[in-house]
Structure formats: structure tokens, C-alpha cells
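# Summary of the model geometry
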Amino acid sequence: KAVFQPEFTFHGFQYIEVSGAATPPKLSDVAGVVYGTDVPHIGNLQTSSAFINQLQSALQWSGRDAYMSAPMDCPQRSERLGWTGDANFYVTTAAFNFDMSAFYGKWERDMLTDGQFTNAAPGWYPEDAKGTGGGWGDAGVNVPFVLWRTYGDMDILRSSYDGMKKWVDFLKSKSPGMITDGDVSAPGDWKNGGEDTPKELIATAYFAYDVQQVSTMAAALGRTEDARTYAALFGEIKNAFIAKFVQPDGVVGGGSQTAYVMALKIGLLPKALVKAAGAHLAANVTQHQNHLTTGFVGTQWLLPTLTQIGRTDLAYAVLKQTTQPSWGYMLSHKTTTIWETWDVIAPDGSFPHGPFSLNHCALGSCGEWMYHHIGGITPDPNYPGYKRFLIQPKPGGSGLDFANASYISVYGKIATHWEIHDGRFVLDVTVPVNTQATVFVPAASKQTVSEGKGKSAGGVQFQGLEDGAAKFLVGSGQYRFTSTLPPFTAGTVESLGAK
């Protein structure tokens, strides 16, 4: 006889009024039902770290919960819009965990407009009809790029190409002197962890990023002249970015983590200043006691950029933080999903900023880095669809003694398992039929590495030492590599991956 009536949504929770019940309801009287688009689950990552496993589960659930024909910002409150930025920042992590080819292929058609991708797709409100840059409308370029790289999908490039060109024309019209109007990046580095980044810097960097990707896709489509034109345009934007935002000592913008990450990731620095900018980024992270200060825009590339500059040790330090702002702080509240902001819940348990979501996928973009450098599975950008790929695990820190990762590519299952015991590193690799992998085994020299050939095909070719690892090219099959770790990495391996 009880009546359940939805009352209101507050702080991301749906409150229900129950009336007519003879006795107070028990928790066991309530059942939760998972509802959404059933995208195939194709990626897994499990480690010896309970924290990393919990984080992996949380970012998977936040992604899965958001998929309802379109990638929504959140499933539990009345907004439920297909914000293009949220999906854009999470798309590479999503593509590791789920087969997103059909889902995002359909959603790309929702975004296509006459020259301006939308902020939300489908655009339910008039203000969503015209998109902004800085990571939001840019999804119309960035998402097809990821689908192509992940699945080798040329059809998505063909169907989206004209729309992408019009989008670049739109951004160019908003970029006098190749510096994009900050209004085009209205959200900025949404919900950052304490450092604001100029909106015109973010918008200009994304303008360059889009042009860079359109040039690459044009070349893949055989549109050679377009590829040259957009490559030249990228050079113009880069020069304008350097003149406007980069100081002679390598400081970028106001020195925020997001400013450095964007410049380093997209390649918007003179070669002579790359090392200095990387050092500034590392110093910034250290000054914040190994905490991130990034928002939706910067978080997706913070850990990869730290690894890019040779500071995987700092990437792990940021990943494993437990105080605010951090993923560990979220998980310390026994959350099973990723929050919309780093501080939805204050240390005292209060909600200081109003009704922000406790289930948002965007800040779960760290999952890409986890698959790349904990699981060790990384796509080779020169071979879309995993025709060739990299196996490059970078263990980091006590408490992380083994990891298992798998990913079902269009060619078949890629799998890794590594473990550390008494200073010995053992790496098992499965390479699908008709593919090749470049395997990086942490080691001081080739002589400290052995490969116990099991069911291997295509041989094992040593290709030299690189970044603290012995590098091998292998064909399809199963392999086991064993190495003696360098003395400074044996045991805790705190510094493995750092230059």
C-alpha cells in the first residue's frame, strides 16, 4: 500500500517521499537497477593496490552510468545533458573500458551542424545549439580522431570531415591574430583544483589541437593539400601562442598546471623551452605537495604529460594522493563513482558548493594513463586500430607489486601481466594474430633480460635501450620477459620511469 513519490533533487541525490507504509522501510526494501546503453565491456585492469582497483571501478561505473543513447553529464539529477566537453575529456578512457565505436559514431551525428558543433548533443536548449571551443564543441573533431585511432574506423573520418573543416573555419573566424577569443572557451578549465587558466589560452590551445588533428586525418583520407594547409595553420597558431603566452624562461600563461600541460601535450612550445616548461610543471606539482590543481581540461593530460617529461614518479605521487584535491580524497568517502568537482564533500562531511554531482565521468580521465603505464597497453599512433601497439609498463611505488591488464582490440585480445619479486621483474604479454608489439622491459641492459619463448611467433628482435628499458619488437604470440631491475628500482621501485 506504500506510495513512493519523487520529491526533489539536491546535492546530486534524488529524494523520495514514502507514504502509507505500515512500518518504516528497511534498506533491503529498496532495489537499485542499472539502466542505460549496454556498451560491451572490453578492458580490464587489476593490480595489487586496493586503491587503484577501487579507482578503476569508480571511473568505469561513472562512464557506464552516463551512457543513455548519448553520453550524459550525470545520470542522477534532472539535468542529464549530453555535454560535449564531459564526453570529450573522458573518451580515451571510455575507449579502453568499453567498445564505444557504435555509440560514439551515432553521437557524432548528433553533434554535426552547419559549421558549429554544439555544447550539448542532442541540443535540448537553445543555448546549446551553438558550441564553444576550449574542449566542448571541439569534441566534433577530437572524438572522431579517437575512434579512428582506436578502431581504425575510416568511415567516421569520411562522414565527419566536412563538419570538422567548418568547425576549424568557425574557430579561425573567432581568432584574430590566431589568438582565440576567450568567450569561445566559456567554461574554461571547469571545476579546477585551485588554479585558474586564462580562457583565451585554453581556447587557442584547443584551436591548435583541432587543426593538428584535422591535418592528420586529412592525410589519412588522402587529402594531401588539405593536410599541408592545416599543418601550416597549426604553425601559425603555435607561433601566436608562443608570442602571447610563453615567456623566455619557459613559463606558460600564469604558470598553472593546465597551462603547462596543454602547451607540452599539443606541442605549442619552441624546442629550446620544452625542458624548462617541463621543469616548471614538475615544480608546480611539488609546490602543491604533489597535488593536482587541474579541472576538466587539464586533468585528462596531467599524468601523461608528467610521464612525457620523465616524471612518472610525480604522476604516481599525484595519483595516490588521499587529501584534497585528489581521487583518493573522493574514494576516502566510500564513493563508488567519480565526482563532478574535487570538493563536492568537505572534510567535515558538508556540501559547501550546492548541488554538484557525485557521479560524473570527466575527472575519471586518468584511466587512459592507468592502462598505458600501469597495465602497459598503449596504441601506436602510426598504426590505427592496434595493428601495432606498445607494451610499456612503468611500475611505481611500494604497494604496487603486480598488475593484470587486458583489452579486446579489433584484432583480438591484448593482455599483460607483470609482477616484481626480489628485484626481478616478470612480464607476460599476449599479442593477437596479425599484429606486432614493441615491448619495453624495465632493465639496465639487454644482458639482464631474458625471454622464455612459449607459444611465440615472429621472433623477438632487440631494438636497443630507451628510457630505462630494453626494447623488443615481437609478432603475434605469447611471451614471458624476465629482467633484473636496476639497483635503485629494486624493491620499492619508487623511481622507475623517472629520468
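In what follows, the accompanying structure is described.

Each value, and the rule that gives it
- Residues numbered from 1 in each chain as written.
- Predicted model: local features only at pLDDT ≥ 70, side-chain atom pairs only at ≥ 80, totals over all residues.
- Heavy atoms only, no water.
- Helix = DSSP H or I, 4+ residues; strand = E, 2+ residues; numbered from the N terminus.
- Rg over C-alpha atoms; globule rule 2.2 N^0.38 Å.
- Buried < 20%, exposed > 50% of the residue type's maximum accessible area, 1.4 Å probe, protein only.
- Contact = heavy atoms within 4.5 Å.
- Areas by Shrake-Rupley, 256 points an atom, 1.4 Å probe, with all protein chains shown as cover.
- Core = buried A, V, L, I, M, F, W, Y, C linked by side-chain atoms within 4.5 Å.
- Pairing = 2+ DSSP bridges.
- Axes fitted to C-alpha atoms, helices over the stretch in contact; angles between N-to-C directions.
- Phe/Tyr/Trp six-rings, centres within 6.5 Å; stacked < 30°, edge-to-face > 60°.
- Lys NZ or Arg CZ within 6 Å of the ring centre and 35° of its normal.
- Expected span 1.5 Å × (residues − 1).
- Salt bridge = Lys/Arg side-chain N within 4 Å of Asp/Glu carboxyl O.
- Parallel < 35°, antiparallel > 145°, perpendicular 65-115°, else oblique.
- Left-handed = near helix turned anticlockwise from the far one by under 90°.
- 1 Å grid on protein atoms, 1.4 Å probe; cavity = no way out; pocket = protein on both sides within 12 Å on 5 of 7 lines; lining within 4 Å.
- Points joined across faces, edges and corners; volume = space filled by probe spheres on them.
- Disulfide = S-S within 2.5 Å.

For the rest of this paragraph, the subject is the overall build of the protein. A tally of regular secondary structure across the protein gives 13 helices and 15 strands. Compactness check: the protein gives a C-alpha radius of gyration of 23 Å against a globular reference of 23 Å for 499 residues, within 12% of the reference. Once the C-alpha set of the protein is aligned to its principal axes, its extents read approximately 75 × 60 × 45 Å. Evaluated residue by residue, the protein yields a buried proportion of 55% over its 499 residues. Long-range contacts, defined as pairs at least 24 residues apart, comprise 67% of the intrachain contacts of the protein with a sequence gap of at least 6. Accessible surface computed for the protein: about 20,300 Å², of which carbon and sulfur atoms make up 53%.

To continue, consider the nonpolar core. Counting residues in hydrophobic clusters, the biggest one holds 140 residues, and the most contacted among them are Leu55, Tyr67, Tyr104, Leu319, Trp327, Met370 and Ile374. The leading source of residues in this core is helix H6 (residues 199–220), at 11 residues. In contact with Leu319, not counting residues within four places along its chain, are Phe51, Ile52, Leu55, Leu303, Trp327, Trp369, Met370 and Ile374.

Strand order across the open sheet formed by five strands is E6-E7-E11-E14-E13, with mixed pairing between neighbours. Strands with a single pairing partner mark the edges of an open sheet, and in this sheet they are strand E6 (377–379) and strand E13 (460–466). Each strand axis lies, on average, 25° off the axis of its neighbour in the sheet, ignoring direction. Bridge count between E6 and strand E7 (residues 388–391): three bridges; the pairing is antiparallel. Along E7, the bridge assignment pairs Thr378 with Leu390.

With that settled, the discussion passes to the pairing of strand E15 (residues 477–484). Bridge count between strand E10 (residues 424–431) and E15: eight bridges; the pairing is antiparallel. For Val426, the partnering residue across the bridge sits in E15 and is Thr482. Relative to E15, strand E12 (residues 449–451) runs antiparallel, the two being bridged by three bridges. The residue of E15 that forms the bridge with Glu451 is Phe481.

With that settled, the discussion passes to the side chain of His372. Tracing the sequence through the fold places His372 in helix H13 (residues 367–375). Aside from chain neighbours lying at most four places away, what touches His372 is Phe96, Ile377, Thr378, Pro379 and Gln392.

Looking at chain direction, strand E8 (residues 402–409) and strand E9 (residues 412–421) are connected through eight bridges and run antiparallel. Residue pairing across strands places Ser409 opposite Gly412, the latter belonging to E9. Counting the residues between successive antiparallel strands, the hairpin from E8 to E9 contains two residues. Across seven bridges, the pairing between E9 and E10 is antiparallel. Counterpart to Glu419 in the pairing with E10 is Val426. Where E9 folds back on E10, the antiparallel hairpin that results is connected by two residues, among which Asp422 adopts a positive phi of roughly 50°.

Our next topic: the packing of aromatic side chains. Per the stated rule, a full pass over the model turns up 24 aromatic pairs. Between Phe89 and Phe296 the ring centres are 6.3 Å apart and the planes differ by 70°, which places this aromatic pair in the edge-to-face class. Within this pair, whereas Phe89 is found in helix H2 (residues 84–97), its partner Phe296 is found in helix H10 (residues 296–308), the two being separated by 207 residues in sequence. Side by side, Phe89 and Phe296 carry an identical accessibility label, which is buried. Through a chain of ring-to-ring contacts, the aromatic side chains of Tyr67, Phe98, Phe103, Tyr104 and Trp107 assemble into a single cluster. Seen from the ring of Trp190, Lys191 lies directly overhead, with NZ or CZ sitting 4.4 Å from the centre.

Before going further, it helps to spend a moment on the sheet that holds E9. Across the sheet, which stays open at both edges, the six strands sit in the order E3-E8-E9-E10-E15-E12 with antiparallel pairing between neighbours. Two strands bound the open sheet, and with one partner strand each, they are strand E3 (43–47) and E12. Averaged over all neighbouring strand pairs, the angle between strand axes comes to 10°, with direction disregarded.

It is worth spelling out H6 at this point. Between the first and last C-alpha of H6 there are 32 Å, a value that for 22 residues agrees with the 32 Å anticipated at 1.5 Å per step. Taken across its 22 residues, H6 has 16 buried, putting it largely inside the fold. Once H6 ends, the next one or two residues include Gly222, with phi positive near 80°.

The next point concerns the pattern of salt bridges. Counting across every chain of the model gives 10 salt bridges. Between Lys26 and Asp29 there is a salt bridge, with the nearest N and O atoms lying 3.9 Å from each other. For Lys26, a relative accessible area of 53% corresponds to the exposed category. For Asp29, a relative accessible area of 48% puts it in the partly exposed group.

Closest axis-to-axis distance for the helix H4 (residues 139–151)/H6 pair is 10 Å, and the angle between their directions is 40°. The orientation of H4 relative to H6 falls into the category oblique. Considering how the two elements wind past one another, H4 and H6 form a crossing that is left-handed. Counting all contacts with H4, which are made through Val141, Asn142, Phe145, Trp148 and Arg149, the residues of H6 involved are Tyr206, Tyr209, Asp210, Gln213, Val214, Thr216, Met217 and Ala220.

As a volume, the largest pocket reaches approximately 1,200 Å³. Lining the largest pocket are 38 residues, with Lys265, Glu368, His372, Thr378 and Pro379 positioned closest to its centre. For the lining of the largest pocket, the elements supplying multiple residues, two or more each, are H2, H4, H6, H10, H13 and E6. Around the second largest pocket, the lining is made up of 19 residues, and of these Val30, Ala31, Gly32, Val33 and Val34 lie nearest the centre. Listing elements by their share of the lining of the second largest pocket, those giving two or more residues are strand E2 (13–19) and helix H1 (50–66).

Looking now at the environment of Arg223. Within the fold, Arg223 resides in the loop between H6 and helix H7 (224–245). When its relative accessible area of 37% is taken as the criterion, Arg223 is described as partly exposed. With near-sequence residues (within four places) excluded, Arg223 lies in contact with Tyr161, Asp162 and Ala218.

Moving on, we come to the state of the cysteines. Summed over all chains, the structure comprises zero disulfides. Here Cys361 is not cross-linked by a disulfide; its sulfur's nearest cysteine counterpart is in Cys74, at 9.7 Å. Summary of cysteine pairing: Cys366 is not part of a disulfide, and the nearest cysteine sulfur, belonging to Cys361, is at 12 Å. The class for Cys366 is buried, based on a relative accessible area of 2%.

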